[in-house]
Amino acid sequence: MQDIITIIISVLSATGILGIGTKAILHRLKRQETRQKAVELGVQALLRDRMLHNYNKYMELGYAPIFAKENFENMYQQYHGLGGNGVMTQLHTAFMELPTDKETDK
């Protein structure tokens, strides 16, 4: 009988410890998930800011060199990869239609 009580107490103790450990792990995972989401949203916001900056800059110039278009395209793809909405699609289309060279007066 003593052995059965010892086994029952051991099982209940182990279950309690496992429960506490599981709770701590789940809390840590939730905290990491929250931080990861914040990092993704922050990167997305920075990409959006840089695309808007480049869009305004090169629209004012009236052209965008190839390197600027490649950079804009890369930012646009990463922005959407992070779940960016379609708001930037119209700006992307207009930006990519800019000539690559400054038009010279003839």
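Right above here is the structure, for reference.
Because the structure is a prediction, the values reported are computed rather than measured.

**Topic: the nonpolar core**
- Core analysis: the biggest nonpolar cluster contains 14 residues, and M51, Y58, A64, M88 and F95 have the highest contact counts within it.
- Elements with a minimum of two residues in this core: α1 (2–61), α2 (66–81) and α3 (87–96).
- In terms of residue count, α2 provides more of this core than any other element does, five residues in total.
- Leaving out residues up to four positions away in the same chain, F95 has contacts with N54, Y55, Y58, M59, A64, A68, K69 and F72.

**Focus: a nonpolar patch on the surface**
- A cluster of nonpolar residues, M1, I4 and I5, forms a patch on the protein surface that exposes about 340 Å² of accessible area.
- Secondary-structure assignment places M1 in the segment before α1.

**Section: the packing of aromatic side chains**
- The full count for this structure, using the stated rule, is two aromatic pairs.
- Ring plane angle 80 degrees and centroid distance 6.0 Å describe the contact between Y58 and F95, whose orientation is recorded as edge-to-face. Of this pair, Y58 sits in helix α1 while F95 sits in helix α3, placing them 37 residues apart in sequence. We note that Y58, like F95, is buried.
- Relative to F95, the ring of F72 has its centre 4.0 Å away and its plane inclined at 15 degrees; by these criteria the two rings are stacked. In this pair, F72 sits in helix α2 while F95 sits in helix α3, placing the two residues 23 residues apart along the sequence. Residue F72 shares its accessibility class with F95, and that shared class is buried.
- Taken together, Y58, F72 and F95 form an aromatic cluster joined through their ring pairs.

**Description of the side chain of K69**
- As for its position among the elements, K69 is in helix α2.
- No salt bridge is formed by the buried K69, whose closest oppositely charged neighbour, E97, lies at an N-O distance of 9.0 Å.
- Aside from chain neighbours lying at most four places away, what touches K69 is A64, F95, M96, E97, L98, P99 and T100.

Rules behind the numbers
Along each chain, the written sequence defines residue order, and numbers are assigned to residues from 1. Per-residue local features are limited, in this predicted model, to residues with pLDDT of at least 70; the limit for side-chain atom pairs, both in listing and counting, is 80 or more; totals at the level of whole chains, interfaces and linings are taken over all residues. Only heavy atoms go into the side-chain values, all of them from the structure, while hydrogens and water stay out. Only buried residues count toward a nonpolar core, which is a set of Ala, Val, Leu, Ile, Met, Phe, Trp, Tyr and Cys residues joined through side-chain atoms within 4.5 Å. Partly exposed describes any residue whose relative accessible area lies between the buried limit of under 20% and the exposed limit of over 50%, with all areas from a 1.4 Å probe on protein chains only and scaled to the type maximum. In this description a helix means any DSSP run of H or I spanning at least four residues, a strand means any run of E spanning at least two, and both kinds are numbered starting from the N terminus. Whether two residues touch is decided by their heavy atoms; if any such pair falls within 4.5 Å, the residues are in contact. Surface patches are defined over residues having more than 30% relative accessible area and no salt bridge, joining like charges when they lie within 9 Å and nonpolar side chains (Val, Leu, Ile, Met, Phe, Trp, Tyr) when within 5 Å. For the accessible areas, the method is Shrake-Rupley and the probe is 1.4 Å, while residue cover comes only from the protein chains on display. We count a salt bridge whenever a side-chain nitrogen from Lys or Arg sits within 4 Å of a carboxyl oxygen from Asp or Glu. Pairing of aromatic rings covers Phe, Tyr and Trp, the last counted by its six-membered ring, and requires centre-to-centre distances within 6.5 Å; plane angles under 30 degrees mean stacked, over 60 mean edge-to-face, and any other angle means tilted. Here Asp and Glu are counted as negative and Lys and Arg as positive; His is not counted, and neither are the chain ends.

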